[in-house]
Amino acid sequence: MKSKMVGLFALVMIALTVAGFAYAHWSETLVLSGTVKTGKLDLAWSCKCWDNEGELKDVGKISCNIEDDTLTITVENAYPCYEVGGTIDIKNVGTVPAVLKGYKITLPEDVTYEYNPYTREIILKYNGEVMAEGSIIFDPKAIAQIDPEEIVCIDFDIHFTNPGLPENWSGTFTITLYFENWSPPA
Amino acid sequence: MLNKKFGAIPILLIFALAITGFAYAHWAKTLFIGGTVETGTLECKFVPPLVMDDNEIDKNVGGHSGYISADGKSIIITITNAYPGYEVYTVFKVKNTGSVPAIITDVIIDEDATTPPPDDIPDLEVSLVDLLGMQLEPGATTCAQVDIAIEQPAAEMETYQVSVTIVAQNWSP
């Protein structure tokens, strides 16, 4: 009987020891904390336009309007031999470099264009007839990647002509430039 | 006859008293065992140097800086002007400054910071290598690296707070 009691007591002690052994750990905690502030991808337009009428007449009219990310160039009352031009600036006003990923040109119905990247010449045709010709000059490498505070210039010069320029006509075109933030090569 | 009986009583009494006295009349001696138990300390700290780098090679767009707190219990990292695709690497050292071996038992990355609602796509990817399961003897140090990568869903002009908790426990047989 006595030996049984001793054995039982020993078992209880062993069980308690094992249970205590499983849960008795000290703990130490180290913390690594970080603050990540992201930059901004943003580009802004600016534009200056001119025409070839001088100060004597003011028949045709060209104007530039910027609203948010949209630059609108409006030509009114154009006529054959009316010539317009301007300089469009694209400035990276963000904090990270911008990379041009693509572009999209939308022209009025029945209007097509041909652009020669070597001569920088552009021809616009209405129903297959030349309605305007000129040039669009820009540095492809510069516009491909624009660093913060950097400005890329696009010069354009359009001369309206016959036989394709229709009378009493209104056409809207859009050029959309798609930029993404630059990132290091993988 | 009666005298004999009465005479036996004192003798019986004496026997009874003798037996009882025998039961209580022991010399006593006490022995003492004196002991002192001193426990060790479990302590780990971040120690210099703290080395940081990023994945930009020919540009300097994003910025990074970091330091170890005075008590060695924290590393504070700051990343500025970050953008999708930007990665920052931080190599740090952990030293066992206690007197018992330590084992790194857990590395907890705060997912709420790296993957803010409403979607489940992380804005940041945080990974820590070469530390979990590491055993450090007293006085020993080990190196580890934490990488923070900014993913596509990261918002512009946003501030993210990242937290990585490293838990160490004492080694035991």
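This text follows the structure it describes.
The text that follows walks through the structure, step by step, so that each part is easy to find.

A word on the overall build of chain A. When helices and strands are tallied, chain A shows two helices and 12 strands. Every one of the 186 residues in chain A was classed for burial, and the buried ones make up 18%. In chain A, once contacts between residues fewer than 6 apart in sequence are set aside, the share between residues at least 24 apart is 65%.

Turning our eyes to something else, we now look at the overall build of chain B. Along its length, chain B carries two helices and nine strands. Reading chain B from its N terminus to its C terminus gives the helix and strand order α-β-β-β-β-β-α-β-β-β-β. Residue pairs at least 24 apart in sequence account for 71% of intrachain contacts in chain B once pairs closer than 6 positions are excluded.

Attention shifts here to the interface of chain B and chain A. With 47 residues of chain B at the interface, the matching set in chain A holds 23 residues. Elements that contribute at least two residues to the side of chain B that touches chain A include exactly strand 1 (44-54), strand 3 (74-82), strand 8 (141-150) and strand 9 (159-170) of chain B. Broken down by element, the residue count for the side of chain B that touches chain A peaks at 12 residues, all from strand 9 of chain B. Within the side of chain B that touches chain A, the residues separate by chemical class into 28 nonpolar, 13 polar and six charged. Note: strand 1 (residues 27-38) of chain A against strand 9 of chain B, 11 bridges, orientation antiparallel.

The topology assignment puts Tyr79(A) in the loop between strand 4 (70-76) and strand 5 (83-92). In this structure, the C-alpha to C-alpha distance between Tyr79(A) and Met131(A), residues 52 residues apart in sequence, is 9.9 Å.

With an omega of 5 degrees, the peptide bond running from Asn162(A) to Pro163(A) counts as cis. Secondary-structure assignment places Pro163(A) in the loop between strand 11 (151-160) and strand 12 (174-181). A cis geometry characterises the amide bond from Pro48(B) onward to Pro49(B), with omega recorded as 5 degrees. Position of Pro49(B) among the secondary structure elements: in strand 1. Here Cys81(A), not a glycine, exhibits a phi torsion of approximately 80 degrees, which is positive. With respect to the helices, strands and loops of the structure, Cys81(A) is situated in the loop between strand 4 and strand 5. Although it is not a glycine, Asp110(A) adopts a positive phi angle of roughly 75 degrees.

This part is about the sheet that holds strand 7 (residues 111-116) of chain A. Residues and elements named next belong to chain A. Sheet architecture is open: six strands sit in the order 2-5-11-9-8-7, paired in antiparallel fashion. Edge positions in the open sheet fall to strand 2 (43-51) and strand 7, since each of these has one partner strand only. The average angle at which neighbouring strand axes cross in this sheet is 20 degrees, direction not considered. Across six bridges, the pairing between strand 9 (residues 129-137) and strand 11 is antiparallel. Across the sheet, Ala132 pairs through a bridge with Phe160, a residue of strand 11.

Conventions and cut-offs
Residues numbered from 1 in each chain as written. Chains lettered and ligands numbered in written order. Predicted model: local features only at pLDDT ≥ 70, side-chain atom pairs only at ≥ 80, totals over all residues. Helix = DSSP H or I, 4+ residues; strand = E, 2+ residues; numbered from the N terminus. Buried ≥ 20, exposed ≤ 12 C-beta atoms within 10 Å, placed from the backbone. Contact = placed C-beta atoms within 7 Å. Nonpolar A, V, L, I, M, F, W, Y, C, P; charged D, E, K, R; others polar. Pairing = 2+ DSSP bridges. Axes fitted to C-alpha atoms, helices over the stretch in contact; angles between N-to-C directions.

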